[in-house]
Amino acid sequence: MKKKTLLLIHGFGNNNRVWDSYKAFFSKRGFDVITPNLRHHAPDDTLEGFEKVSLLDYVSDLENLINGMPSEPIIIGYSMGGLLALKLMERGHGRLGICLAPAAP
């Protein structure tokens, strides 16, 4: 049986490390888990150019990631990541979406 993929999207001001426990939990249960860092959110990223990044830039980055996947992921996001999950689902991405306390648009 083919593994299902989870795409976990963090919120504003955090990075993908907030998903470490969830990644371990779901990986042990047979899921492929993808936890990208949003642009300018990785621990080593600089804030240079951050003021020019829009919500739609994040959506585009995530769409490019999803388009490179072999199958549609289950998308889970919280806070700004929840809003991004909503926008991705609005555009027809994801086999299922879960939004935890999504930020207001």
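Refer to the preceding data block for the structure.
The text that follows walks through the structure, step by step, so that each part is easy to find. (Residues numbered from 1 in each chain as written. Predicted model: local features only at pLDDT ≥ 70, side-chain atom pairs only at ≥ 80, totals over all residues. Heavy atoms only, no water.)

Section: the pairing of strand 3 (residues 74-78)
Let me state the cut-off plainly: Each residue's exposure class comes from its accessible area (1.4 Å probe, protein chains only) as a fraction of the maximum for that residue type: buried when under 20%, exposed when over 50%, partly exposed otherwise. Labels follow the DSSP assignment, with helices taken as runs of H or I lasting at least four residues and strands as runs of E lasting at least two, numbered in each case from the N terminus. Any two strands with at least two DSSP bridges between them are considered paired.
By the criterion of burial, strand 3 is predominantly enclosed, with four of the five residues buried. Where strand 1 (residues 5-9) lies against strand 3, four bridges are found, and the strand directions are parallel. Across the sheet, residue Leu7 finds its bridge partner in strand 3, namely Ile75. Looking at chain direction, strand 3 and strand 4 (residues 96-100) are connected through five bridges and run parallel.

Considerations on the sheet that holds strand 2 (residues 32-34)
Operational definition: Between N-to-C directions, angles cover 0 to 180 degrees, with each direction set by a line fitted to C-alpha atoms, over the stretch in contact for helices. Pairs of residues are marked as contacts when any of their non-hydrogen atoms sit within 4.5 Å.
Strand order in the open sheet made by the four strands is 2-1-3-4, with parallel pairing throughout. Every other strand in the sheet has two partners, leaving strand 2 and strand 4 as the edge strands with one partner each. Ignoring which end each strand starts from, the neighbouring axes of this sheet average 15° apart. Relative to strand 2, strand 1 is paired through three bridges, and the arrangement is parallel. Among the inter-strand pairings, Thr5 is bridged to a residue of strand 2, identified as Asp32. Strands in contact with helix 3 (residues 80-90) are strand 1, strand 3 and strand 4; relative to strand 3, the strand with the most contacts, it is inclined by about 145°.

Digging into helix 2 (residues 55-67)
Short version of the rule: Expected span, for any helix, means 1.5 Å times one less than how many residues it has. Regarding the arc, it is the one traced by the directions from the helix axis to the C-beta atoms.
Taking 1.5 Å per residue, 13 residues should reach 18 Å; helix 2 reaches 18 Å between its end C-alpha atoms and fits that length. Buried within helix 2 are the following residues: Tyr58, Val59, Leu62, Glu63 and Ile66. In an axial view of helix 2, the angular spread of the buried residues amounts to 140°, which keeps them on one side of the axis. Across helix 2 from its buried face, at more than 90 degrees, point the exposed residues Asn64 and Asn67. Residues of helix 2 that are buried in the fold lie against strand 1, strand 3 and helix 3.

Observations regarding the packing of aromatic side chains
Note the following rule: Aromatic pairing here means that ring centres of Phe, Tyr or Trp (its six-membered ring) are within 6.5 Å. Orientation follows from the plane angle: under 30 degrees is stacked, over 60 is edge-to-face, and everything else is tilted.
Here the structure, examined in full by the defined rule, presents five aromatic pairs. An angle of 40° between the planes, with centres 5.9 Å apart, marks the rings of Phe12 and Phe50 as tilted. You can see Phe12 sitting in the loop between strand 1 and helix 1 (20-28) and its partner Phe50 sitting in the loop between strand 2 and helix 2, a full 38 residues away along the chain. Connected via pairs of aromatic rings, a cluster forms that spans Trp19, Tyr22 and Tyr78.

Focus: the pattern of salt bridges
Put simply, the test is: By convention in these notes, a salt bridge is any Lys or Arg side-chain nitrogen within 4 Å of a carboxyl oxygen on Asp or Glu.
Applying the stated criterion to the full structure yields five salt bridges. With a shortest N-O distance of 2.5 Å, Arg17 and Asp20 are connected by a salt bridge. Take Arg17: its relative accessible area is 56%, and that puts it in the exposed class.

Fair warning: the whole summary comes from geometry, so function is off the table for now.
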